[in-house]
Amino acid sequence: MATNGTSVRGGQTDNNQPASNVDVLIIGAGPAGIMAAAWMARMGLKTRIIDKRNTKVFCGQADGLNARSLEMLDSLGFGDRAWKEANHMIEICLWNPDENGIIRRSDRVPDTPVGLSRLQQSTLHQGRIERFFLDNIKKYSNDTIKVERGVLPESLEIDQGKVEDQNAYPVTVKLRFLTEEEAAPKQLGGSKVSDGLFRSNLFQEADEDALIKQTYDRAGAGETVHAKYVIGCDGARSWTRTTLGFELEGEATDMIWGVMDIIPFTDFREYTNPELKGWKTDMRLCQADIRCRCAIHSATHGSLMIIPRENNIVRLYIQLVEVKPDASGRADRSKITPELIFNAAKKIIDPYKIDYEVCDWWTAYQIGQRVGTNFDAHQRVFLAGDAVHTHSPKAGQGMNISMQDCYNLGWKLGLVCRGIAQPSILKTYQSERRRVARDLIEFDNRFARLFSGRPAKDIMDAEGVSMDEFKEAFVQGNMFACGLSVDYGPSNLVLKPGDAGEHGDGSDVVPPAVSMSEADFDRKQALAAGIPVGMRFNSFQVLNQSDARPWQFQKRLPADGRFRVVLFAGDVHHAQQKARVEAFCAKLNAPSSFLHRTVGGDGRDGLHSVVEILTIHSAKRWDTELLRDFPEVLHPFRKATGWSYDKVYVDDVSYHEGFGEAYKNYGVNKERGCVVIVRPDQYVAWVGDLEDFDKVQAYFEGCLMLKDYANEVESSVAAIVPGTVAASDNISVE
């Protein structure tokens, strides 16, 4: 690894090439890279994002958005765009061979487990999702952050003598600029239809060195970038990972799969008449299960997954049982064609017929399950997405987990780079996300084995796959596949008991600022049984106290870089409960409180740019008045904008949208309430009583940069005025 300015990957020396400084350099503009860039735009950091290829994705690649990813896009402000355009996958149909070897629909289950999220798994072309991101990045960066295409890193250095200096630029990356022709991905399949083999793990040649050498004869084809942080989002054959000397641990299986995006003509459906009807002469009709997600096991020809998409497109994942790896362990990609893949699909779906006129894209891959040995170097260079985990794509996790990596990392990097949060929180990225990657591989390993295995002929067939076991794994795995089973372990960002290494990936993190026993934690967690510490804050409907507008509460937790303290104020009509609320608010408003000592505000609203207080009470809205019944710290005043009317909510019945029953669904007692700390990525950091203000204070002292109280008494007594940060500050609410 690079030490004291020593290059970890050599390049041609050019003392005349231009140099620049950036806060963050992102290598790779796929889903992980643009998620990171979206955070950087919001956090107001000087950022560059480069990509080797000369164009964005126009067809193929990833297409699945799970429930958690849709929640994230919503928090970024463009979830509605994806939701409107996407195909919503509501149902999964399981097809298995009967006693005669003929495939039959054996079961139906919901694609997204009921009640876990307000959003359901959907499919939409990756190119459209990237378009939404790029529009959002342009908006929040004032068009200063753009994807620089045809740009390739040549070398990377980390000066270890500067990694502890938060004002330094310890990472040096030399860049080379490619021509349009050099940056164009080469189609490898010998077909006129666009293929994705250049991204497939069947394609192993690395062309970076050859491309770099071609640039040496061109003047002005290089640049040196000095960065505070670098994020490598450059795919499974990651240049950044290789340069750092890190590896992917795991191995490839001998299972080869093809993928095709087509508009199908088919008679694929379950007939009520047990004697199958013949091929429909009118092939224009797409029928029944072709528009549902289907998992099909044939008796002898392998398996097929059907994924319906937007605009009548259907993606087929097709097991290629007749294609085997050679002695090197890799299949000969030159023999894999769209015709070979589609003929395999016809055999699997037989006796039903399928054909197409339009094929939008195709590829092939070999199932491999690997996890990176390291996710960062010195908390200065980070790896995300396929650069640190690879797996089969059938469970729809590639784009989702990649985006979720950088949704976790982005706000941490932004707050540290701006001097708002302690650098130690960056250690939690590997601890949290490498554990998720391991869980992903374990899930994918079981899922791929069951999906690719031959169906068992009977209960005595030990080598075959039990279809009952497959269904059970499918249903149980759905929680993980939806992205809703993530449970982060203890650290200075999550206050819970236990060994941080065991809960994470074994790496070191700063322990929680408050120690507690399992019994103490269980008692506090019981205050909000539906808001598990370490997991994402679920969404239920509440009403704005001032205007009765119904809100999904998760929409009040946008991705703007702020922590939230959510006060479940209980029934404020009861004198005793109102006194508890007022006592908590008095401590919140005290000059020594973290609210008055957080750094990074814009000078007008102080710390509320970093920590926002939100309230949900359970009294009847008609009997409650915002200004009368709630302390001012919960609805602060600013001369320029008046009272804050968007911070106090009530669990009551909407005129038009019914009763969200938030207290019941969150598992919170309607009389006594509780307090919840929520991280900027919507994950729950702590749950406690209103009397536990010292725990809230300790949490923020353990992860944020707080001003010294003794030197800030006079300025801290100033009015606490919340709201959004100044536009120039770029920590903003959409």
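Residues numbered from 1 in each chain as written. Predicted model: local features only at pLDDT ≥ 70, side-chain atom pairs only at ≥ 80, totals over all residues. Heavy atoms only, no water.

**Remarks on the packing of aromatic side chains**
In this structure the tally under the stated criterion is 24 aromatic pairs. Relative to Tyr-429, the ring of Phe-382 has its centre 5.9 Å away and its plane inclined at 75°; by these criteria the two rings are edge-to-face. Of this pair, Phe-382 sits in strand β18 (residues 381-383) while Tyr-429 sits in helix α10 (residues 427-452), and the two are 47 residues apart along the sequence. The class for Phe-382 is buried, based on a relative accessible area of 0%. When the ring of Phe-563 is compared with that of Phe-700, the centres are 5.6 Å apart and the planes differ by 85°; the resulting orientation is edge-to-face. Taken together, the residues span a long stretch of sequence, with Phe-563 in strand β22 (residues 563-570) and Phe-700 in helix α17 (residues 693-703) at a distance of 137 residues. Overall, the relative accessible area of 1% leaves Phe-563 in the buried class. What makes Phe-700 buried here is its relative accessible area of 0%. Among the aromatic residues, ring-to-ring pairing joins Trp-411, Phe-563, Phe-584, Phe-594, Phe-693, Tyr-699 and Phe-700 into one connected group. Cation over ring: Arg-380 sits above Tyr-229, and NZ or CZ is 4.8 Å from the ring centre. A cation over a ring is seen here: Arg-556 above Trp-551, with NZ or CZ 4.2 Å from the ring centre. (Phe/Tyr/Trp six-rings, centres within 6.5 Å; stacked < 30°, edge-to-face > 60°. Helix = DSSP H or I, 4+ residues; strand = E, 2+ residues; numbered from the N terminus. Buried < 20%, exposed > 50% of the residue type's maximum accessible area, 1.4 Å probe, protein only. Lys NZ or Arg CZ within 6 Å of the ring centre and 35° of its normal.)

**Concerning the environment of Ser-69**
With respect to the helices and strands, Ser-69 occurs in helix α2 (residues 67-76). Residue classification places Ser-69 among the buried residues on the basis of a relative accessible area of 0%. In sequence terms Ser-69 and Asn-400 are 331 residues apart; their C-alpha atoms lie 6.0 Å from each other. With residues near it in sequence (within four places) discarded, Ser-69 still touches Asn-400, Met-403 and Gln-404. (Contact = heavy atoms within 4.5 Å.)

**Examining the nonpolar core**
Ranked by size, the top nonpolar core spans 114 residues in total, and within it Phe-133, Phe-563, Val-611 and Phe-700 carry the most contacts. Excluding residues within four positions of it along the chain, Val-611 makes contact with Phe-563, Val-565, Phe-594, Leu-595, Phe-700 and Leu-704. Val-494, Trp-551, Val-566 and Tyr-663 belong to the second-largest nonpolar core, a separate cluster that totals 35 residues. (Core = buried A, V, L, I, M, F, W, Y, C linked by side-chain atoms within 4.5 Å.)

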